[in-house]
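The lines below spell out each chain.
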There are 2 protein chains.
Amino acid sequence: MMDGFGERSLFRRVAIIGLGVIGGSLGMALTQGRVVEEVVGFDRDPATLEVALATHTVHRIATDPVEAVRGAQVVVLATPVSLYPALLAQIGPALAPGTIVTDVGSTKRWVVETMSSQLPTGCFFVGGHPMAGSEKRGIEGADRYLLENAVYVLTPDEHTDPEALAQIEGLVMAIGARVVCLAPAEHDHVVALVSHLPHMVAVALMETLGASGEHRSMATMLAAGGFRDTTRIAAGDPRMWCDIAWTNREALLAVIDQYQASLARIAEAIRTYDPKREGEAATEAAADGALPGVGVGSGSLGEPCRGGSGSSSELSTTNKLSAVLAHARQARLAIPGRAKGVLPGIHEVIVTVADEPGIIGKIAQILGAQAINIADIEILRVREGHGGTIRLGFAHGHEADLAVDYLRDAGIIVKRI
Amino acid sequence: MMDGFGERSLFRRVAIIGLGVIGGSLGMALTQGRVVEEVVGFDRDPATLEVALATHTVHRIATDPVEAVRGAQVVVLATPVSLYPALLAQIGPALAPGTIVTDVGSTKRWVVETMSSQLPTGCFFVGGHPMAGSEKRGIEGADRYLLENAVYVLTPDEHTDPEALAQIEGLVMAIGARVVCLAPAEHDHVVALVSHLPHMVAVALMETLGASGEHRSMATMLAAGGFRDTTRIAAGDPRMWCDIAWTNREALLAVIDQYQASLARIAEAIRTYDPKREGEAATEAAADGALPGVGVGSGSLGEPCRGGSGSSSELSTTNKLSAVLAHARQARLAIPGRAKGVLPGIHEVIVTVADEPGIIGKIAQILGAQAINIADIEILRVREGHGGTIRLGFAHGHEADLAVDYLRDAGIIVKRI
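Residues numbered from 1 in each chain as written. Chains lettered and ligands numbered in written order. Predicted model: local features only at pLDDT ≥ 70, side-chain atom pairs only at ≥ 80, totals over all residues. Heavy atoms only, no water.

> For helix α5 (residues 109–118) of chain B, give the residues involved together with the corresponding values.
It helps to recall that an α-helix has 3.6 residues per turn; residues three or four apart then point in one direction. Of the positions making up α5(B), those classed as buried are Trp110(B), Val111(B), Val112(B), Thr114(B) and Met115(B). As for α5(B), its buried residues are in contact with β4 (74–77), α4 (84–91), β5 (100–103), β6 (124–126), α7 (184–210) and α10 (238–247) of chain B. (Buried < 20%, exposed > 50% of the residue type's maximum accessible area, 1.4 Å probe, protein only. Helix = DSSP H or I, 4+ residues; strand = E, 2+ residues; numbered from the N terminus. Contact = heavy atoms within 4.5 Å.)

In structure tokens form, the structure reads like this:
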């Protein structure tokens, strides 16, 4: 299948149906990364097709799905999963024997069952789910590097053709994603936990806010970063989420049940929380001249709630709330942060600057003149005409140290963090 | 009180007890913004005090809280709220008549009651709660511009001295924050909704993940951006959150109850969701050659779940799940985004670049040479030695247009978004 096409091309032709965030990002990675000879794209939205061509998301566009899949060795379904049956009925007759169909849908058990019963004989199916997304929707949210270093789950089962699986693994690795193989049902249970449950949790938060009557407008105004972060995913596409809820109903309802039980336990811990002993401990310590906890978040960093006093072990067993909160904190800190790529541990520097035009250019120039590469940069906060705070990241510690020295020499307020 | 001290100084001396994120940020804004003559800081952690001096967070440090408050016109309590009583017992005798005590605690009804019963006669209390925070803790997370443009709630009640309130309002406005006045109980109900409930919701998510047995390690590995965002606040300081739960128990338990009822309704909507009619509609439409929804997130952007088909209105009333999801989405989109400052609407450009050392410098130089000011910059994704995607923000649309032209002329792949 691959002979005669340059070393770097795994396939002659890949068709992508649906050029949203994932379909578009995959297209860009395949096209711009020269992974395949030709990427053909279809989307029902003509404007999307135009953008797809202009941004080198695909090599060629098709005006209908049947035209898109003709002659393709690999067909990627990147539409809502509920459309797969209708789509397959349409493109099935046009699929050549040996064609590998794969998808990027968020649930897998239903998809694998549906595909195996509907795919034409002689074609192969390999279920896939890249664990990546964007706050922007559609092709505008597609990014050449979105799938770079992302976990890309493939869900073979006992009917999956090993050679077809190996081919799709090769394709996924070629775009720099990390392959994880899971059974379809296990995939669905895991994503119910880490993706579908959080979505419904966020939706319920928005519902609660919406039902808050007289407090609603003030609450919306005061919604700070924590609320915004926690509910961000609630803005997800309702159509896609209906599909997810429908095709992963059993696992999703099971984890919602577990979640409700957890929250009920937390509410009970709040109801029965007794701060008196802690209060006494604090008062005694204060009388000794050592105020525990003064300096929130500095001295108390990393301590469990009841830590720091002589009777901490006893208190921690009698006070469930503090144990629950400390446990959640530890568990959350153990989750790796959002990787922007395969950068090694970033070494950071915080710069506080006056808001003069070209200040970023000035910083970049100072460091560029010393051949210090800025690996990451982020404007944290700014007041126009006044000043702002910029975070700079460097791949190596000595670069960060040098950056501090050179920027300080130039009269810029800078600190290593 | 203010005569004899330059026009820009509202007070001669402000004392801040507790130099964590909020106390430290307030200190930096007052000190570096020249809002007051002298800021004296105390924190029980000696290393924090050292950093506070080195970073111009305060003008002077004190070795105990009593020394810190001596001669101060305003005393800011920025420790966990449960420490206020002990702290007040310690500093009370050192407060001069007329001193205004204020705080930055997360709950207000309990605080206002406690302070009004324990504050020495002749002193005034004004409750405060700046709605801002940082992922970093302690003074390391303090930022000169953190409170810039942030909502800063003050909670006067019928006992509050109007002149003291006016003075604190002046202080808050001087650092660029936006004053919102709320009754203590209303404040507590609103923050229960937008801050304390989301925290417990995130803690329950971590608990559910922790109890997932065999799936736990895979789930942690696959936790994508949505899960990380939704649970980020669960890493909050357990001590502070015990204090919050304790001092806002009633309002918090009430909103948890409402929340559990919301989630139960959503679970019921998932249980009773019937996609058949939608499936039929999709199949019929596909047979007509018009595949609805192909191109996830492009054509379907902004549509409610059941929209786009002729029978949408009927379907939307019979299908609760789609209505709930669409409603949550609209409500979430209505919440303003995280403001980094008072920048006017940013005009954005996406640049895809090779990862050559100094590429940020090159971009900055090209734009600097044309006097185009980069108002915001963010590295979205990067693959070391390969390339990456950078977002540039400009204050004005024509700057963004010019930036596209000049960068394109330099051979850089760039698009306006």
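Past the structure itself, the notes keep going.
> Could you give an account of the environment of Leu252(A), with specific residues and numbers?
Within the secondary structure, Leu252(A) is located in helix α11 (residues 249–271). Since its relative accessible area comes to 0%, Leu252(A) is described here as buried. If we skip the residues at most four places from it in the chain, Leu252(A) touches Ala192(A), His196(A), Leu197(A), Met200(A), Ala245(A) and Ile270(B).

> So what's going on with the pairing of strand β10 (residues 347–353) of chain A? Residues and values would help.
Residues and elements named next belong to chain A. Among the seven residues that make up β10, six are buried, leaving the element largely enclosed by the rest of the structure. Across four bridges, the pairing between β10 and strand β13 (residues 413–416) is antiparallel. For Val-349, the partnering residue across the bridge sits in β13 and is Arg-416. (Pairing = 2+ DSSP bridges.)

> Describe in detail the environment of Trp110(B), supporting the description with residues and values.
Residue and element names in this part refer to chain B. Tracing the chain through its elements places Trp-110 in helix α5. According to the relative accessible area criterion, Trp-110 is buried, its value standing at 17%. On a C-alpha basis, the gap between Trp-110 and Asn-248 in space is 7.6 Å, while along the polypeptide they are 138 residues apart. Other than its neighbours up to four places away in sequence, Trp-110 contacts Val-81, Ser-82, Pro-85, Asp-188, Trp-246 and Thr-247.

> Lay out the packing of aromatic side chains in plain terms, naming residues and giving numbers.
Here a ring pair, both rings aromatic, is described through the centre-centre distance and the interplanar angle of the planes. Residues and elements named next belong to chain A. Here the structure, examined in full by the defined rule, presents two aromatic pairs over all chains. Their ring planes at 50 degrees and their centres at 5.1 Å tell us that Trp-110 and Trp-246 sit as a pair that is tilted. Of this pair, Trp-110 sits in helix α5 (residues 109–118) while Trp-246 sits in helix α10 (residues 238–247), placing them 136 residues apart in sequence. (Phe/Tyr/Trp six-rings, centres within 6.5 Å; stacked < 30°, edge-to-face > 60°.)

> Could you give me a rundown of the sheet that holds strand β8 (residues 151–154) of chain B, with the residues and numbers involved?
Residue and element names in this part refer to chain B. Strand order in the open sheet made by the three strands is β7-β8-β9, with mixed pairing throughout. Only two strands of the sheet have a single neighbouring strand rather than two, namely β7 (128–130) and β9 (178–181). Averaged over all adjacent pairs, the angle separating strand axes in this sheet is 25 degrees, with direction ignored. When β8 meets β9, the two strands line up parallel, connected through four bridges. (Axes fitted to C-alpha atoms, helices over the stretch in contact; angles between N-to-C directions.)

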